[in-house]
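Below are the chains, spelled out letter by letter.
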Amino acid sequence: MSSSTLSPSSPLHEELQSRSTASAAGEAFLYAFIVFIGTVGNFAVLLVLYKNHRLRNIPAYFVISLAISDIIMLDLLAPFSIAVLMMGRWLFGDILCQMQGFMVMLVACASLGTLALVAINRYFHIVKTSKYRLIYTPRNAILIVVSGWLAAFITPLTYTAAGKDYVFQPGKFFCFMEAKFTLLVLPFYIFIVISMMVLFLCYLSVFKALKTHERTVASNLRTGNTRQTAISLEDIKVTKILFATVVGFVLCWTPVLVIDIVDAFLGSEWELTRGTYYMYTIFGITSSAINPIIYGVMNRSYRRAYLRLFGFSRRGLVGDITTVKEAERTRQDLQMERTTADTHVNEQNI
């Protein structure tokens, strides 16, 4: 490996190599366990969407994009880091280091960019309802997702095209941008700032609209008005689930970004403790594993599909007959969806 991508004299590198067998095994096991859970979960999401036509709606395209980015991180990039934790050094040469650094930056931007696109989708669905069906057709949704991935390529391409090397960071145990702040890392942070602003502004508008919706429903109940609103219960459920994925991402990546910013402005590479950097990477990889759990916890349809996928329904653990209460909720949701569809047709006729 070239000297530009590895600093053999780094104290963190020496700490990585001098760990006890028990410490190396424990660190590798925790990381590998998260990778395993995330791999099973994200492949389960893709299989559930493939087998269940009812779940393949417009938001599903964004869910698929997130699952693909997570699988790339978990199954193409993380195995190198597992080997580093086990062996105490980078074993794979300079070319694979450059590949891992490029792909880590790409996938991180693609995940955050997809979440920003989800926020825009929710904004149009909840706030600009009349325009939603015109913009979000299946074909357009695919184009939007692909455009998000193309935009994510800008940050690693800018860094690589300038001739900069990705470097093996022994504390974080993977290859990434150099820690020192340069103008070449600005596109990465600009992409993050813009995406976060989109998330904040869109969801702020969405939750304001949902509050107004709640007040309207409450007022209708008090006055006996049977007129339905344009936002269905299913819309609200989907919005809350997708927002939960944003919360999970932010909770995992806030420590990561804070450490990166501290590193960038300290002026020298890797000044923090190795334990801090280890948790940095644990938080980062956890963000690739939590989305399938969020879907299962918050969405009854996903939860049942997961259980059926793993064969639990045949053992009587999952019933195919819903309770009377669930059936009533389903009936109400369908009624509200029909009303919403009628509203859209009337708006188009006007």
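In this text the structure is predicted, and so the values were computed from the model without any measurement. (Residues numbered from 1 in each chain as written. Predicted model: local features only at pLDDT ≥ 70, side-chain atom pairs only at ≥ 80, totals over all residues. Heavy atoms only, no water.)

Asks: Which parts of the structure should I look at to understand the pattern of salt bridges?
Replies: Note that side chains of opposite charge can pair when their charged atoms are close. According to the stated counting rule, one finds three salt bridges in the structure shown. E27 is the partner of R274 in a salt bridge, and the nearest nitrogen-oxygen pair spans 2.6 Å. One end of the pair, R274, is in helix α10 (residues 274-286); the other, E27, is in helix α2 (residues 21-51), with 247 residues separating them in the sequence. Each member of the pair, R274 as well as E27, is classed as buried. For the salt bridge of D260 with K172, the shortest nitrogen-to-oxygen distance reads 3.0 Å. (Salt bridge = Lys/Arg side-chain N within 4 Å of Asp/Glu carboxyl O. Helix = DSSP H or I, 4+ residues; strand = E, 2+ residues; numbered from the N terminus. Buried < 20%, exposed > 50% of the residue type's maximum accessible area, 1.4 Å probe, protein only.)

Asks: Help me out: how do you make sense of a nonpolar patch on the surface in this one?
Replies: A grouping of F29, F33, F36, I37, V40, I293, V297, M298 and F310 is seen on the molecular surface, where their side chains present a nonpolar patch of about 880 Å² in accessible area. Sorting the residues of the nonpolar patch by element identifies α2 and α11 (291-298) as the ones contributing at least two each. By residue number, the principal contributor to the nonpolar patch is α2, which donates five residues. Secondary-structure assignment places F33 in helix α2. Its relative accessible area of 44% is what places F33 among the partly exposed residues. (Patch = residues over 30% accessible without salt bridge, like charges linked within 9 Å, V, L, I, M, F, W, Y side chains within 5 Å. Areas by Shrake-Rupley, 256 points an atom, 1.4 Å probe, with all protein chains shown as cover.)

Asks: Explain helix α7 (residues 154-161) here, please?
Replies: Because the α-helix completes a turn every 3.6 residues, residues three or four places apart line up on one side. Within α7 the residues assigned to the buried category are T155, P156 and Y159. Axial view of α7: buried residues confined to an arc of 90°, hence all on one face. Where α7 terminates, the next one or two residues include G163, which has phi positive at roughly 85°. (Arc of directions from axis to C-beta.)

Asks: Before we go on, may I ask you to explain the nonpolar core in this structure?
Replies: One broad rule of soluble globular proteins: the nonpolar side chains tend to lie buried together. Within the largest apolar cluster, 86 residues are counted, with the highest numbers of intra-cluster contacts made by Y31, F176, M177, F188, I285, Y295 and Y302. For Y295, the residues in contact, after removing those within four places along its chain, are V45, V63, L66, I241, T245, Y302 and Y306. Judged by nonpolar contacts, the second largest core, of five residues, contains I126, A209, L210 and I236. (Core = buried A, V, L, I, M, F, W, Y, C linked by side-chain atoms within 4.5 Å. Contact = heavy atoms within 4.5 Å.)

Asks: Is there a simple way to explain the side chain of D70 in this structure?
Replies: Among the secondary structure elements, D70 is positioned in helix α3 (residues 58-87). Of the side chains with opposite charge, R122 comes closest to the buried, unpaired D70, at an N-O distance of 17 Å. (Lys, Arg positive; Asp, Glu negative; His and termini not counted.)

Asks: Would you explain the side chain of R122 in this entry?
Replies: Looking at where R122 falls in the secondary structure, it is placed in helix α4 (residues 93-126). Taking relative accessible area as the criterion, R122 reaches 2% and is therefore assigned buried. The contact partners of R122, leaving out residues within four places of it in the chain, are P59, V127, Y132, Y203, V206, D235, V238, T239 and L242.

Asks: In this structure, what is going on with the packing of aromatic side chains? I would like to understand it.
Replies: To describe a pair of aromatic rings, one takes the distance between the centres and the angle between the planes. A complete count under the given rule lists 22 aromatic pairs for this structure. Note on F173 and Y278: the rings are 5.6 Å apart at their centroids and 35° apart in plane angle, and the pair reads as tilted. Taken together, the residues F173 in the loop between β1 (167-169) and β2 (174-176) and Y278 in helix α10 connect sequence positions 105 residues apart. Pair check on accessibility: F173 and Y278 agree, each one buried. Pairwise contacts between aromatic rings join F174, F176, F188, Y189 and Y280 into one cluster. Between K172 and the ring centre of Y280, over which it is positioned, the NZ or CZ distance is 4.3 Å. (Phe/Tyr/Trp six-rings, centres within 6.5 Å; stacked < 30°, edge-to-face > 60°. Lys NZ or Arg CZ within 6 Å of the ring centre and 35° of its normal.)

Asks: Would you mind showing me how to read α10 here?
Replies: Between its terminal C-alpha atoms α10 stretches 18 Å, which fits the 18 Å expected from 13 residues at 1.5 Å a residue. By the burial criterion, the buried members of α10 are R274, Y277, Y278, Y280, T281, I282, G284 and I285. (Expected span 1.5 Å × (residues − 1).)

Asks: In this structure, what is going on with the environment of I71? I would like to understand it.
Replies: Tracing the sequence through the fold places I71 in helix α3. When its relative accessible area of 13% is taken as the criterion, I71 is described as buried. Between the alpha carbons of I71 and A289 there is a distance of 9.0 Å; along the sequence they are 218 residues apart. The residues touching I71, leaving out its near neighbours within four places in the chain, are N42, F43, L46 and L76.

Asks: Got a minute to help me understand the environment of A305 in this structure?
Replies: By secondary structure assignment, the location of A305 is in helix α12 (residues 300-309). For the pair A305 and L49, spaced 256 residues apart in sequence, the C-alpha to C-alpha distance is 9.1 Å. Not counting residues within four places of it along the chain, the set of residues in contact with A305 comprises V48 and N52.

Asks: Sorry if this is basic, but what is going on with unusual backbone geometry here?
Replies: Across residues other than glycine, the phi torsion is negative in most instances, and most of the peptide bonds are trans. Residue F173 is not a glycine yet carries a positive backbone phi of 50°. Residue class for F173 comes out buried when judged on its relative accessible area of 0%.

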